[in-house]
Amino acid sequence: MPRRSKWMHLVAGVVAGVTFGVFLKLCLRPSSRTSIEACADSAKLYVAPDPLAIVDLKSDETLFNSNRTLVFVGVMTAEQYLTSRARAVYETWAQDLPGRIAFFSSEVSRAPGLPLIPLRSVDDSYPPQKKSFLMLLYMYEHYGERFEWFMRADDDVYVRGDKLGEFLRSVDSRKPQFIGQAGRGTNNEKDALALDYNENFCMGGPGVLISRETMRRVAPHVKYCLKHLYTTHEDVELGRCVAKFAGVSCTWSYDMQTILHHNGSGAEAYTGRLKKREVHRAITLHPVKDHRQMYRLHTYFKNLRIQDLREQSLDLHRDIQSSARELGVEGTHVNNFVLPGGVPLFTAKMGEPGYLGDNRILGAPIDFNRYKANKVEDIVPFDFITKSIHSVSHSNPKRRVETPLKEALDDVIREVMEIINAPSRQRGRVIDFNELLYGYTRLQPVHGVDHVLDLLLKYRRYRGRKMTAAVRRHAYLQQSFTGTEIRELPMGEPAPIEEAEILEQLELNVKNYQNDNEDFDDPNQNQNSFLDIGNINVRQAFENSLLKIHNNLPKMLQWSNDNYEYAVYYRQIHFILPLLGRFETFNRFMKNYEDIVLKSDQPVSLIVVLFLDTESPLDYENSETLVKHFKSLYGKDIRIVAMGATTFSRGAALTEGLKECSSDDLVSFIDVDMMFNHISLRRIRINTVKYNQVYFPIVFSQYNPEVVYSDDYNKFKEEITENTEADNAEENNDDDTKTETELANLKYSGDIDNDFGYFRQYGFGILSIFKCDFERVGGFDLNIKGWGLEDVQLFETLIKSNLTVYRIADETLVHIFHSVDCDSKLEKSQFLMCLGTKASTYGSDKHMTYYMLNHPEVLWPQKVKGAS
């Protein structure tokens, strides 16, 4: 009886619950009238666009009359990836396909601008068996007779369209083909996958290629295959379906692991170095989890394509040169040669659009003796390479192989191995690079680079009698320079997205700087207005709205011209100069600034970040007085940021100076020891591009004048006489024909010679950059105090950023010699760097050699008399 009562209560509870649920559903359901009035537009059914229009396929376009009907690629994606991975695929490799592409997603997916096909009654759940099979069915029903091949791909695969086209054209699409990277699952999965001993499947990640005949046999049975699934693995079930109805299995081929490449490192795949054999040989690369890496891969392969086109251009120039020799045409006349009928061989001349380059140089034959020196001094010697590099023309005759040369040799060897292994499939052998034993290399500035390399290789034959053997081969190689290409950089485009680590560093640097400078007097501290309240960027929104109103007004009604884009040569430059004492040097700098900037009314402003030097306190007041003098005399923008007795830090000083500039200002960090002229300003303007490029000039640093002009460092003892008379060359009295600008440039130009100084290749203190770019990469590490190191770290940060670092020797920027005092209290790395700079600026190797030979006691000190 208690058991019956218990069951009765249970049944009664269920009935009551169902009744209550139905009642709630009826109460909460909106009326039909409400639905019609409130949701009339949304109640309309989604009308699918024309399948041909989705992929931009014309109705009369077939595989017989179009070169874009070789392959149709169906990319499986999900709604959450439409704006990231799918968009990246469409904007990169999809544009180079020898066919068409479409993205297949769930029924509710929408993505304007993408060739998207929402599959009816399909969601984005995983595993995507239904999405995969219905995608194949859709492809067959709407495009089955218009393409030779069909490809099933994921949204995290990169496809090289040119190599895909070459491969597919070599395979007969009229036969049933099912091409992919064959798999049978892991040992633990074999029984669960229900595969016979002779069955396999094509792994879906790297992509699967299906011929038109295979699609014709399989597509009508897709729904049957969906109803008879053995596992949850979509690619396994597709392989089972193809084997059942098309009678073919996935291609058993070792090459498929190479050309359809899968990287097992997951999210880290293809995020590192791309100059690898597996990357270059692959047709597809999988997986590319971060969609930003898709753009990086695309740029890399585009650069490889440019290299191939340049090599083809050189081959054509050589063929023209060779043909001209056979016709008896001299090499100097080839550029102006006219073909029969009055048609010029080269229609465009130098400086005209379409100019193809100088055939005399580009068409030079491949020959180590094509450059013949007229003098012994003009002979270009070879450098010898082993583990180190040995050269007769370098100040350091034995040194480690520099990174650029090492990378260049890696590229050359990789290309050599690709050429050697090109016929490997036909010959049934593979040759792998093992080691570079030794080599010779030289650079000819006009023609290119010559290499002689002794390579240790490994020969492996896998067809017939299998064998492996080590072999040595000499490679005589020549890399020819191509014509100069000029590419205009865009000005003022939106900033690219920075890496997360750089953005984190930016926040960290700002926090550290704020903590270090909490004691600074700030009159605006704690005086925030209502526009700064909270995290809502009200101020920015307000300013943007005003800017839109301003831009829509007629020019006569616009209240300012701040948004006017001046010509590049007249762009405003903001010099930021940190200064600690050294009034006499500052006085010399201001004289330079007066002659170049103030007198010629150049659009340049100067911000002096002034620190008090406790050892020479009068310098502080004198510097202020000097600035006031020039400001009152010329009425120009010269500002002082007074730092008082704050501990000097160059990074903090430049950061304080930047606060005086707006986000779009072009700033240039300069030192008080620098000498510059009008050409320097021009180069700063044209070499600094907002959102794209920063300018790190390599300045010329003068040696100690006491060494440069001393006979003890320039002659042997016996050549030194008491009455040495200098031979004064006749001066050209052509100053009257020069303009004031040219005379100023001559006045502030140093003697650029190995005896007078050197280009400071490892100096990074002089920088030109837009403030918005400086802030975007995080700025200086403000924890660094004292001399040096902050500029090196900023340089390394900029190298890692999306900005291009333009670095070139600038002879117009001269660092005037001054003695360097290295404080022993500095950090060890800073102290050693300071000592290195002090030693390198003392004099040249030649000066030191003369001094040592004139004073042998420096090298071999005589023993003190009486010492044992």
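Here the structure is a predicted model, which means the values were calculated and not measured. The residue count restarts for each chain, going from 1 along the sequence in the order it is written. In view of the model being predicted, local features appear only for residues whose pLDDT reaches at least 70, and side-chain atom pairs are presented and counted only at 80 or more, with totals across whole chains, interfaces and linings using the full set of residues. Just so you know, side-chain values use all the structure's heavy atoms and leave hydrogens and water out.

Q: Please explain the pairing of strand β28 (residues 767-770) as it appears in this structure.
A: It is a general feature of regular strands that their side chains alternate between the two faces of the sheet. Only protein chains enter the calculation, and the probe is 1.4 Å; a residue is then buried if its accessible area is under 20% of its type maximum, exposed if over 50%, and partly exposed in between. Numbering of helices and strands runs from the N terminus, with a helix taken as a DSSP run of H or I at least four residues long and a strand as a DSSP run of E at least two residues long. Side chains of β28 alternate between two faces, with Leu767 and Ile769 and Ser768 and Phe770 buried alike. Strands are labelled as partners when DSSP assigns at least two bridges between them. Across 4 bridges, the pairing between strand β23 (residues 666-669) and β28 is antiparallel. Looking across to β28, one finds that Leu666 is bridged to Phe770.

Q: Could you clarify how one ought to interpret the pattern of salt bridges in this entry?
A: By convention in these notes, a salt bridge is any Lys or Arg side-chain nitrogen within 4 Å of a carboxyl oxygen on Asp or Glu. Summed over all chains, the structure comprises 41 salt bridges. One salt bridge in this structure joins Asp411 and Arg414, with 2.9 Å as the shortest N-O distance. Residue Asp411 and its partner Arg414 are located together in helix α15 (residues 403-420), separated by 3 residues, close to a single helical turn. By the burial criterion, Asp411 is buried, and Arg414 matches it.

Q: Teacher, can you tell me more about the sheet that holds strand β9 (residues 208-211) here?
A: The strands making up a sheet associate through backbone hydrogen bonding, with each pair oriented either parallel or antiparallel. In spatial order, the strands read β3-β2-β1-β4-β9-β6; together these 6 strands make up an open sheet with mixed pairing. Edge positions in the sheet fall to β3 (116-118) and β6 (178-179), since each has one partner strand and no second. With 3 bridges connecting them, strand β2 (residues 99-105) and β3 associate as parallel partners. Following the sheet pairing, Phe103 is matched in β3 by Leu116. Any two residues having at least one pair of non-hydrogen atoms within 4.5 Å are treated as being in contact. Between N-to-C directions, angles span 0 to 180 degrees; the directions come from axes that are lines fitted to C-alpha atoms, helices contributing only their stretch in contact. Against the sheet, helix α4 (residues 82-91) touches β2 and β3, its axis set at about 170 degrees to β2.

Q: Can you help me understand the sheet that holds strand β26 (residues 698-702) in this one?
A: Pairing is mixed across the open sheet formed by 4 strands, whose spatial order is β24-β30-β26-β27. The open sheet is flanked by β24 (674-675) and β27 (757-759), the only strands paired with a single partner. As paired elements, β26 and β27 share 3 bridges and run antiparallel to each other. Looking across to β27, one finds that Phe700 is bridged to Phe759.

Q: What's the story with the state of the cysteines in this structure? I'm lost.
A: Think of a disulfide as a covalent bridge from one cysteine sulfur atom to another cysteine sulfur atom. The criterion for a disulfide is a pair of cysteine sulfur atoms lying within 2.5 Å. Inspection of the entire model under this criterion finds 2 disulfides. Covalent S-S linkage joins Cys202 and Cys250, the inter-sulfur distance amounting to 2.0 Å. Given an S-S torsion of about 105 degrees, the disulfide between Cys202 and Cys250 has right-handed geometry. On the criterion of sequence distance, the pair formed by Cys202 in strand β8 (residues 201-202) and Cys250 in the loop between α10 (234-245) and α11 (256-259) is long-range, its members being 48 residues apart. Considered together, Cys202 and Cys250 belong to a single accessibility category, that of buried residues. Each disulfide pairs two cysteine sulfurs, and for Cys225 the partner residue is Cys241, the sulfurs being separated by 2.0 Å. What sets the handedness of the Cys225 and Cys241 disulfide is the S-S torsion sign, and at about 70 degrees it is right-handed. One end of the pair, Cys225, is in helix α9 (residues 222-227); the other, Cys241, is in helix α10, with 16 residues separating them in the sequence.

Q: I would appreciate a short explanation of the packing of aromatic side chains in the present structure.
A: The description of two aromatic rings rests on the distance between their centres and on the angle between their planes. Working definition: rings of Phe, Tyr and Trp (its six-membered ring) pair if their centres are within 6.5 Å, and the pair is stacked with planes under 30 degrees apart, edge-to-face with planes over 60 apart, and tilted otherwise. The tally for this structure, following the rule as stated, stands at 27 aromatic pairs. Judged by centre distance (6.4 Å) and plane angle (75 degrees), the ring pair of Tyr90 and Phe103 falls under edge-to-face. Of this pair, Tyr90 sits in helix α4 while Phe103 sits in strand β2; the two residues are 13 residues apart in sequence, bridging distant segments of the chain. Seen in terms of ring centroids, Phe696 and Phe795 are 5.1 Å apart; in terms of plane orientation they differ by 85 degrees. Their pairing is edge-to-face. Placement of the pair is Phe696 in the loop between β25 (693-695) and β26 and Phe795 in helix α26 (residues 790-800), with a sequence separation of 99 residues. For Phe795, a relative accessible area of 15% corresponds to the buried category. Ring-pair connections join several aromatic residues into one group, and the members of that group are Phe72, Phe104, Tyr138, Tyr143, Phe147 and Phe150. The ring of Tyr81 carries the charged tip of Arg85 above its face, separated from the ring centre by 4.1 Å. The rule for a charge over a ring is simple: NZ of Lys or CZ of Arg within 6 Å of the ring centre, and within 35 degrees of the ring normal.

Q: For this particular structure, what's the right way to read the environment of Thr232?
A: Checked against the element boundaries, Thr232 lands in the loop between α9 and α10. On the basis of relative accessibility, which here comes to 52%, the residue Thr232 falls in the exposed class. C-alpha of Thr232 to C-alpha of Pro128: the two residues are 104 residues apart in sequence and 8.6 Å apart in space.

Q: Any chance you could explain α4 here in plain terms?
A: At 3.6 residues per turn, the α-helix brings residues three or four places apart onto the same side. Considered for burial, the residues of α4 that qualify are Leu82, Ser84, Arg85, Ala86, Ala88 and Val89. Buried residues along α4 sit against β2, β3 and α13 (291-326).

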